[in-house]
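# Fold and contact review
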Amino acid sequence: MLKKQVKTSREHIQSLSKATPLQAVEELIWNGLDAGGPMVEVRLALGEMGSLQNIEIIDSGAGIPQDQLEQAFGEIGNSQKVRLKVNKDGRLFHGSEGKGRLKALALCRQPEWIITYRKNGELRRYSIKINRDDPDYFEVGEEETIGTGTTGTTVSLAYVDEQCASLLGGNARDILTRRFALYLSEYPGTSITYHGQVLKVDELIQVKADYPLPVEEGQPPATVTVIEWRFKLDSRKLYLCNESGFSFHDIPLRLHALGVDYTAYLRTPKVKEWADSGLLTTTEMDPSVQRVLDLAREQIRAHIRERLALTAQDVVTEWKQQEVYPYRDEEAKNPLVAAEQQVFDIVAVHVHELHPTFKVSDLDNKRLILTLIRKALESDPSALTSLLKSYVDLPEEEQKELADLLERTTLSSLIRAGKVVTERLDTLQAFEHILFNDDWKERLLERTQLHRLLAHELWVLDEEYLVATDDEGLHAVLKKHLHILGRPELAPDADVKMIDGKDGIPDLMLWHRRKVDRSLFEHLVVELKRPRDFLGQDEVAQIEKYAFTVIEDERFMTDKVQWKFVLLGNDLDSYARQRASSDSHPEGCIYRKGNVSIWVRRWADVLADARARYEFFRDKLNIEASSDVGLKTLKTKYAHLLAGRGVRKKKDLEIMAAKSASAEDGADPVNNDAPE
């Protein structure tokens, strides 16, 4: 027998040989599949006392010619699989670095490989042994010619370790079935037999569905395959696989599925890189990996919702015939309602199945209960759990699964987003009404009404702006600017004046960090004018003074801040129109130099820009904006501003704080004393 050395360190070999018994058997099965041939068989031999004594893993591959043994068996990280990519049967390789065979050392002290291959028409056989106590060497037996037989490799594991008894457990076969399900379904001509029974994947699959994931641009594609089983699972897992279905790692999903027994497989070419880099075994998952896993989980939830909704269709059809179903067919054209309706069907059918009297209730009672469920979903999906808990005596596990479906589904986010879009489109209509309606325009005051409304609805100007100062002097604007940049405070005796020596009070100052550079800031200073007033020479001069004050102050000569000053009103006189229209600047820009720009804008343009940001959602959600609804919303939220002459900042903030506190207690006072 010839003794040869493995070309790597003993420490490396020992690290590669560590595995649980089932992990080691799985890796040796993968090696057998990589070898080619239609089958791999795992034989478990019992001793006299019924304990597991020997294991054989047999494949029907082509075997390893002895003249290729040095590369195939004696080198780690230089397997021929790297070069060939596929085996002789055209199946993609699972491994590529020659590490898998070392897992045999986790099963017994001295594993042996008996290899049969064909050369020049003859069958030849030889053996290889590795010893756990001397793992950086392998022994090669004498080659012999045999008369009959087939090619292939038998991994013989004699006198296996005690912990291998777990391989006799009933769930070992089930786990292997799930691990190899995707591969066996991709290559239906391949079979795996474990302890006398074939892993029957196709017979056990109830549903198989593939979903491409919306990965970030420039990233390799990723797909989630969900397989639903005809048997009950102890746990649901997500297997992380390469694009051919070879599993490198698994994680528990912890997604409740209301009786759906499934396993999921995430397929991406990145998984091998993740595994090799140790990104799959760390306590804190790498953000790039986590993003893909989050997409996979969300798609799995969507699959579960769709499947559960599908099983509910018979009951839903009956409700429609009884005219107690709270949705009209045409409502499903709205994707927001369609998503809500899907979850409604799942929840309502559970009520139908679990509530003791619902099935036999009269139609009016059914209609009322189903309508209440819909209303609860529309207002707050997550709150529906408590409603059902008080009405339906759900088992604790059912409560958890419904809570998971409602709280972690995208439906909650979708409903909230839809309500925001709808409310904002209505609010834009309301702003347009109070700014341009003659009665409103005459009565609406700049500082105590319009200014205060805009301070609460800043998204009208831009989604990204936050209030930095609100109705404060220019001194506070400069101080706030320094604070945002993390620079020292202004000196106590600093007297910040406008360029003409007078104190300045801009209406609003807003700021945000630009997304392209976290160290770059943009500040917006807005000067509002009453809707009935035209913007003219005096108003233009005022906003220019604000801007030039910043330009003249050496403390703000930095390339890390962009200043944008905006004069905002209903209309411009001829002077302002001429200043706002030039060949050298964009429409509305009257000055641009360095890090400062000055703009004169009309409310009509601001509202048009805001409306354009929501136009896509309006089309997709079939939303019709209403100024009446918008006015009602504004009156409800800001009754103190739209009644009489409004209030100043301090009083406004006090009222809004009290209103917020009373809302938490269930009260929400409304005052609608405002012009229509």
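Cut-off values and rules
- Residues numbered from 1 in each chain as written.
- Predicted model: local features only at pLDDT ≥ 70, side-chain atom pairs only at ≥ 80, totals over all residues.
- Heavy atoms only, no water.
- Salt bridge = Lys/Arg side-chain N within 4 Å of Asp/Glu carboxyl O.
- Buried < 20%, exposed > 50% of the residue type's maximum accessible area, 1.4 Å probe, protein only.
- Pairing = 2+ DSSP bridges.
- Helix = DSSP H or I, 4+ residues; strand = E, 2+ residues; numbered from the N terminus.
- Axes fitted to C-alpha atoms, helices over the stretch in contact; angles between N-to-C directions.
- Contact = heavy atoms within 4.5 Å.
- Phe/Tyr/Trp six-rings, centres within 6.5 Å; stacked < 30°, edge-to-face > 60°.
- Expected span 1.5 Å × (residues − 1).
- Left-handed = near helix turned anticlockwise from the far one by under 90°.

On to the pattern of salt bridges, then. Counted by the stated rule, this structure contains 26 salt bridges. In this structure, Asp 329 engages Lys 320 in a salt bridge whose closest nitrogen and oxygen atoms are separated by 3.6 Å. Judged by its relative accessible area of 58%, Asp 329 is exposed. Exposure remark for Lys 320: the relative accessible area of 37% places this residue in the partly exposed category. Here Glu 330 and Arg 328 are joined by a salt bridge, their closest N and O atoms 3.0 Å apart. On the basis of relative accessible area, Arg 328 is assigned to the exposed category, the value being 51%. Ionic contacts of the salt-bridge type, sharing partners, join the residues Glu 26, Arg 179, Lys 237 and Asp 250 into one network.

Two elements, strand β13 (residues 237–241) and strand β14 (residues 247–252), share five bridges in a ladder whose sense is antiparallel. Note on β14: the bridge partner recorded for Cys 241 is Ser 247. Between β13 and the antiparallel strand that follows it, β14, lie five residues; Gly 245 among them carries a positive phi value of about 95 degrees.

Sheet strands pair via backbone hydrogen bonds, and the direction of the pair is either parallel or antiparallel. An order of β11-β12-β15-β13-β14 is seen for the five strands of this open sheet, with the pairing classed as mixed. The strands lining the two open edges of the sheet, one partner per strand, are β11 (205–212) and β14. Ignoring which end each strand starts from, the neighbouring axes of this sheet average 20 degrees apart. Across seven bridges, β11 lies against strand β12 (residues 223–229) in antiparallel orientation. Looking at β12, one finds that Pro 212 is bridged to Thr 223. Across the sheet, helix α5 (residues 170–186) touches β11, β12, β13, β14 and β15 (262–267), and the angle it forms with β15 is around 55 degrees.

Counted under the stated rule, the structure contains 11 aromatic pairs. Between the aromatic rings of Trp 30 and Tyr 183, the centroid separation amounts to 5.2 Å while the plane-to-plane angle is 90 degrees, which identifies the pairing as edge-to-face. Taken together, the residues Trp 30 in helix α2 (residues 21–34) and Tyr 183 in helix α5 connect sequence positions 153 residues apart. Residue classification places Trp 30 among the buried positions, given a relative accessible area of 0%. Note on Tyr 117 and Tyr 126: the rings are 6.2 Å apart at their centroids and 80 degrees apart in plane angle, and the pair reads as edge-to-face. Classification of Tyr 126 as buried rests on a relative accessible area of 2%. An aromatic cluster of three or more residues is present, and its members are Trp 30, Phe 180, Tyr 183 and Tyr 187.

Turning our eyes to something else, we now look at unusual backbone geometry. The residue Tyr 159 is not glycine, and still its phi comes out positive at about 55 degrees. According to the relative accessible area criterion, Tyr 159 is exposed, its value standing at 62%. With phi around 50 degrees, His 195 is a residue other than glycine that occupies positive phi space. Looking at the element boundaries, His 195 is found in the loop between β9 (191–194) and β10 (197–198). Judged by relative accessible area, which is 33%, His 195 ranks as partly exposed.

Count 3.6 residues to each turn of an α-helix, and residues three or four apart come out pointing the same way. The terminal C-alpha atoms of helix α18 (residues 537–552), which comprises 16 residues, lie 22 Å apart, in line with the 22 Å expected from a rise of 1.5 Å per residue. Listing the buried residues of α18 in full gives Val 540, Ile 543, Glu 544, Tyr 546, Ala 547, Thr 549 and Val 550.

Two numbers describe a pair of packed helices, the interaxial angle and the distance between the axes. Relative to each other, α2 and α5 sit at 35 degrees, their axes nearing to 11 Å. Considering the relative orientation of α2 and α5, their crossing is right-handed. Side by side, α2 and α5 meet where Leu 22, Glu 26, Ile 29, Trp 30 and Leu 33 of the first sit next to Ala 172, Ile 175, Leu 176, Arg 179, Phe 180 and Tyr 183 of the second.

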